[in-house]
Amino acid sequence: MAKELWKGNEAVAQAAIRAGCKYFFGYPITPQNEIPEYFSKHLPLVGGCFIQAESEIAAINMVYGAAGSGARVMTSSSSPGISLKQEGITYIACAELPAVIVNMMRGGPGLGNIAPSQADYFQATRGGGNGDYRTVVLAPATIQEAADLVQEAFDIADYYRNPVVVLADGMIGQMMEAIEWRDPKKRELPQKTWAANGTFDKREHNIINSLFIDAGDCTVQNKKLEEKYRAITQNEIRYDLSGDEEPEVVLVAYGTTSRIARAACIQLKEKGIKASLFRPITLWPFPEKALHDEAQKPSVKAVVTVEMSMGQMVDDVKIAVNGIKPVEFFGTGGGTIPTPQQIVQKIVTVVGGK
Amino acid sequence: MLTAITGHYGCGKTEFAINYALSKRAEGLPVTIADLDIVNPYFCTRERKQTLEELGLRVIVSLGGMQIDIPALPAEILTMFEDNVCGIMDVGGDSVGARVLARYEKDFARTPHELLCVLNFNRPEVGTVERAIDYIGAIEQSSHLIVTGLVNNTHLLGDTSIEDIMRGADLSKKVASITGIPLRYNTAPRRLLKQAQNIGDLFLMDIFMNKPWEEEFNGSKSDI
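Rules used in this analysis
- Residues numbered from 1 in each chain as written.
- Chains lettered and ligands numbered in written order.
- Predicted model: local features only at pLDDT ≥ 70, side-chain atom pairs only at ≥ 80, totals over all residues.
- Heavy atoms only, no water.
- Pairing = 2+ DSSP bridges.
- Helix = DSSP H or I, 4+ residues; strand = E, 2+ residues; numbered from the N terminus.
- Right-handed = clockwise from strand over helix to strand, strands pointing away.
- Salt bridge = Lys/Arg side-chain N within 4 Å of Asp/Glu carboxyl O.
- Buried < 20%, exposed > 50% of the residue type's maximum accessible area, 1.4 Å probe, protein only.
- Phe/Tyr/Trp six-rings, centres within 6.5 Å; stacked < 30°, edge-to-face > 60°.
- Axes fitted to C-alpha atoms, helices over the stretch in contact; angles between N-to-C directions.
- Parallel < 35°, antiparallel > 145°, perpendicular 65-115°, else oblique.
- Left-handed = near helix turned anticlockwise from the far one by under 90°.
- Contact = heavy atoms within 4.5 Å.
- Nonpolar A, V, L, I, M, F, W, Y, C, P; charged D, E, K, R; others polar.
- Buried area = accessible area lost by both parts, 1.4 Å probe.
- Polar contact = N/O pair within 3.5 Å; in protein donor to acceptor, adjacent residues only side chain to side chain.
- Domains from an automatic or database assignment.

Trainee: Please clarify how the pairing of strand E2 (residues 23-26) of chain A should be interpreted in this entry.
Mentor: Side-chain direction in a regular strand flips from residue to residue, so the side chains alternate between the two faces of the sheet. All names here are of chain A. In this structure, E2 lies alongside strand E3 (residues 49-52), joined through four bridges in parallel fashion. Bridging from a neighbouring strand, phenylalanine 25 pairs with isoleucine 51 of E3. Taking the sense of rotation as the criterion, the β-α-β connection linking E2, helix H2 (residues 34-42) and E3 turns out right-handed.

Have a look at this one:
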């Protein structure tokens with residue numbers, strides 16, 4: 001198929017429709033508004049339903065309902081709007097329902113601004129809602145990868161009966177890139193025998209619930225979830241490693257920042273500094289072992305994490321590196337985008353330049 | 001002459017508007033470029049205000065900073081309707097973005113102007129002759145103006161090939177023959193000058209709206 005030019009937000013919505021998503025419930029917020037705008041125009045054309053809810057809280061609960069009936073459903077928002085959805089997300093996780101949630105992050109905290117940011121890493125990977133639950137977190141770095149991962153997110157959600165978060169930022173939502181449409185790898189997806197979609201007098205009622213009044217029952221549910229999270233950690237970790245095979249410095253960055261870090265790597269090479277770029281694609285589960293292996297290489301003097309935040313993923317990097325090499329951080333908070341030059345300067349101070 | 005630049009989201013209106021303004025400046029004219037895009041949060045003329053001023057343009061942008069959720073149209077825009085001003089208006093995408101022009105309907109009526117519509121046939125929403133014509137109609141309806149010229153800006157950013165430009169030129173000619181709106185320019189990035197030199201009405205473009213990681217390479221590396 002020939003390449004086409006897509007804006008990130010539009011590609012996300014089109015990818016969902018290609019994946020069979022028939023329902024979108026959301027509330028407008030910049031810089032992700034093209035997602036609901038695209039759905040509002042295109043879902044009716046495929047027999048689906050778009051609703052602009054009265055609030056983010058209403059929208060995520062509509063997602064809860066549609067997911068409970070076995071439908072492929074999605075919502076999207078940007079940082080403060082995603083905060084409002086956290087209660088619904090923990091309910092969906094506890095009730096073991098598949099749903100896709102896209103966050104085009106913007107500057108925070110609070111209402112912040114409409115500029116790109118990566119400061120919702122904690123919220124996405126630690127869960128902004130209550131209780132012991134996990135969401136799979138996918139972090140695309142290109143529009144192509146966003147289109148691929150959003151399609152696959154629906155399969156992952158269905159396979160594990162778990163919410164999947166696609167964590168990108170306003171830059172990925174707003175920028176344009178050439179992409180081609182391709183199908184995700186085939187998965188054997190289980191029948192949704194649990195869905196509350198009508199008994200037709202042929203079976204008992206299916207009940208969708210996140211209330212476990214008896215602590216013993218709730219403990220059993222927690223153990224069940226824990227086993228699922230272990231399986232996801234075993235099967236779904238993804239990352240990309242590029243650059244020098246015997247690096248002095250390992251850069252760790254995801255999404256938009258990984259693009260800037262890659263530009264920095266090109267400049268570092270010109271300065272005679274050998275660098276590799278470790279790019280987590282799944283933020284949860286985090287590619288701990290692979291990063292540990294890269295940091296363990298004898299040539300590596302330091303690991304440098306770069307984020308559009310004041311330092312969040314760096315915690316996972318420290319857990320992965322586990323003290324075998326120094327972990328340094330460079331980040332910009334509040335919606336400022338780091339430049340390749342700033343990253344190069346940081347690396348030079350860490351490993352020394354020539 | 002006042003020129004307003006419209007088109008579908010992401011067709012390259014801003015990039016063309018900047019290059020068009022600079023081409024007029026190169027003719028020795030004092031040129032004003034105004035950011036009338038109130039529907040797009042990023043990749044707008046306002047982000048390049050300083051660069052464009054350094055290149056000799058007068059730049060009118062919404063007050064209140066670069067990235068604001070609800071940009072406003074400053075009163076200064078009315079100065080573009082004064083006599084003998086060479087003005088370029090970079091308008092927001094789609095009929096939604098073009099609606100701001102209707103606010104100046106009476107001013108346009110008394111001012112010599114042109115309304116150029118930028119086409120990019122690599123954008124799926126306007127990827128066929130029929131869809132492009134639908135968009136032109138919608139833009140005319142919401143702007144209360146008539147499109148006076150077409151700009152073939154069929155591109156894939158850093159992946160643009162000469163084939164893209166030629167395919168876009170063919171389709172734009174079809175749009176022109178059906179609508180009667182003349183095709184004014186076929187654009188090409190400067191790096192494709194050699195291959196593109198035989199294309200009629202060629203308009204060479206330098207890239208200003210690079211992504212943060214492309215600045216260094218000026219769009220020449222699409223694989224970062």
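Trainee: Help me understand the pattern of salt bridges in this model?
Mentor: Side chains carrying opposite charge are able to pair once their charged atoms draw close together. All names here are of chain A. Evaluated as defined, the whole model comprises 32 salt bridges over all chains. With a closest N to O distance of 3.0 Å, lysine 228 and glutamate 96 form a salt bridge. Here lysine 228, found in helix H9 (residues 215-235), pairs with glutamate 96, found in the loop between helix H5 (86-94) and strand E5 (99-105); they are 132 residues apart in sequence, far enough to count as distant. Taken as a pair, lysine 228 and glutamate 96 share a single burial class, namely buried. The partner of aspartate 148 in a salt bridge is arginine 182, with the nearest N and O atoms 2.6 Å apart. Placement of the pair is aspartate 148 in helix H7 (residues 143-160) and arginine 182 in the loop between strand E8 (176-179) and H9, with a sequence separation of 34 residues. Connected via shared salt-bridge partners are Arg72, Asp155, Asp158 and Lys192.

Trainee: Just to check I follow, could you spell out the packing of aromatic side chains for this structure?
Mentor: Each aromatic ring pair is characterised by the separation of its centres together with the angle its planes make. With the rule as written, the count across this model stands at 18 aromatic pairs over all chains. Ring plane angle 90 degrees and centroid distance 6.3 Å describe the contact between tyrosine 64 of chain A and tyrosine 91 of chain A, whose orientation is recorded as edge-to-face. Taken together, the residues tyrosine 64 of chain A in helix H3 (residues 56-68) and tyrosine 91 of chain A in helix H5 connect sequence positions 27 residues apart. The class for tyrosine 64 of chain A is buried, based on a relative accessible area of 16%. Taking relative accessible area as the criterion, tyrosine 91 of chain A reaches 34% and is therefore assigned partly exposed. Aromatic side chains phenylalanine 16 of chain B and phenylalanine 203 of chain B sit 5.2 Å apart centroid to centroid with 55 degrees between the ring planes, which places their arrangement in the tilted category. Residue phenylalanine 16 of chain B is located in helix H1 (residues 13-26), and its partner phenylalanine 203 of chain B is located in strand E8 (residues 202-205); the two are separated by 187 residues in the primary sequence. Assessed through its relative accessible area of 0%, phenylalanine 16 of chain B is described here as buried. Residue classification places phenylalanine 203 of chain B among the buried residues on the basis of a relative accessible area of 9%.

Trainee: Is there a simple way to think about the packing of helix H1 (residues 8-18) of chain A against H2 of chain A in this case?
Mentor: To describe two helices that pack against each other, one gives the angle between their axes and the distance between the axes. All names here are of chain A. Running from N to C, H1 and H2 cross one another at 45 degrees; their axes reach a closest spacing of 7 Å. With respect to their mutual orientation, H1 and H2 come out oblique. Regarding H1 and H2, the two cross each other, and that crossing is right-handed. The segment H1 lies against H2, with Asn9, Glu10, Val12, Ala13, Gln14, Ala16 and Ile17 engaging Glu34, Ile35, Tyr38, Phe39 and His42. Taken together, the residues of the contact of H1 with H2 sort by class into seven nonpolar, three polar and two charged.

Trainee: Sorry if this is basic, but what is going on with the interface of chain A and chain B here?
Mentor: Interface size is commonly expressed as the accessible area that is lost once the parts come together. Facing 34 residues of chain A, the contacting portion of chain B comprises 27 residues. In this assembly, chain A packs against chain B so that about 2600 Å² is buried in total across both faces, 62% of it on carbon and sulfur atoms. For the pair chain A and chain B, the interface holds three salt bridges. Between lysine 3 of chain A and aspartate 159 of chain B there is a salt bridge, with its nearest N and O atoms 3.5 Å apart. In this assembly, chain A and chain B are joined by 11 residue pairs in polar contact (both at pLDDT 80 or more).

Trainee: Looking at this structure, I do not really get the packing of helix H5 (residues 129-143) of chain B against helix H6 (residues 162-179) of chain B. What am I missing?
Mentor: All names here are of chain B. Two elements in contact, H5 and H6, have axes separated by 10 Å at closest approach and are oriented at 55 degrees. Comparing their axes, H6 and H5 come out oblique. Crossing angle aside, the handedness with which H5 passes H6 is right-handed. Within the contact between the two elements, H5 uses Val129, Ala132, Ile133 and Ile136 and H6 uses Leu171, Lys174, Val175, Ile178 and Thr179. Split by residue class, the contact of H5 with H6 holds seven nonpolar, one polar and one charged.

Trainee: Just checking my understanding: could you explain the sheet that holds strand E11 (residues 275-280) of chain A for this structure?
Mentor: Strand pairing in a sheet is mediated by backbone hydrogen bonds. Such pairs are either parallel or antiparallel. Residues and elements named next belong to chain A. Taken in spatial order, the five strands make up an open sheet running E9-E11-E10-E13-E14, and their pairing is mixed. Each edge of the sheet is formed by a strand with only one pairing partner; in this case those strands are strand E9 (239-243) and strand E14 (327-331). Recorded for the sheet is a direction-independent mean angle of 20 degrees between the axes of neighbouring strands. Relative to E11, strand E10 (residues 249-252) runs parallel, the two sharing four bridges. Across the sheet, the residue bridging to valine 250 is serine 276, located in E11.

Trainee: How should I be thinking about the sheet that holds strand E6 (residues 136-138) of chain A in this particular structure?
Mentor: Residues and elements named next belong to chain A. Strand order across the open sheet formed by seven strands is E3-E2-E4-E5-E7-E6-E12, with mixed pairing between neighbours. The sheet terminates laterally at E3 and strand E12 (282-284), the two strands that pair on one side only. Looking at each pair of strands side by side, their axes are set apart by 20 degrees on average, direction ignored. Direction of pairing for E6 relative to strand E7 (residues 163-169): parallel, over a ladder of three bridges. Bridge pairing links valine 137 to valine 165 in E7. On top of the sheet, H3 reaches E2, E3, strand E4 (73-77) and E5; it is set at about 160 degrees to E4, its chief contact.

Trainee: Explanation requested: the domain arrangement of chain A in the structure shown.
Mentor: Residues and elements named next belong to chain A. As assigned here, chain A comprises domain 1 (4-192 + 207-235) and domain 2 (240-351). Put simply, the middle of domain 1 and the middle of domain 2, counted by C-alpha atoms, are 27 Å apart. Taken together, the contact between domain 1 and domain 2 spans 34 residues of the former and 27 residues of the latter. Of the roughly 2400 Å² buried between domain 1 and domain 2 on both sides combined, carbon and sulfur atoms contribute 54%.

Trainee: What is the right way to read the environment of isoleucine 266 of chain A from this model?
Mentor: Its location among the elements puts isoleucine 266 of chain A in helix H10 (residues 255-270). Sequence separation of isoleucine 266 of chain A and isoleucine 89 of chain A is 177 residues, and the distance between their C-alpha atoms is 40 Å.

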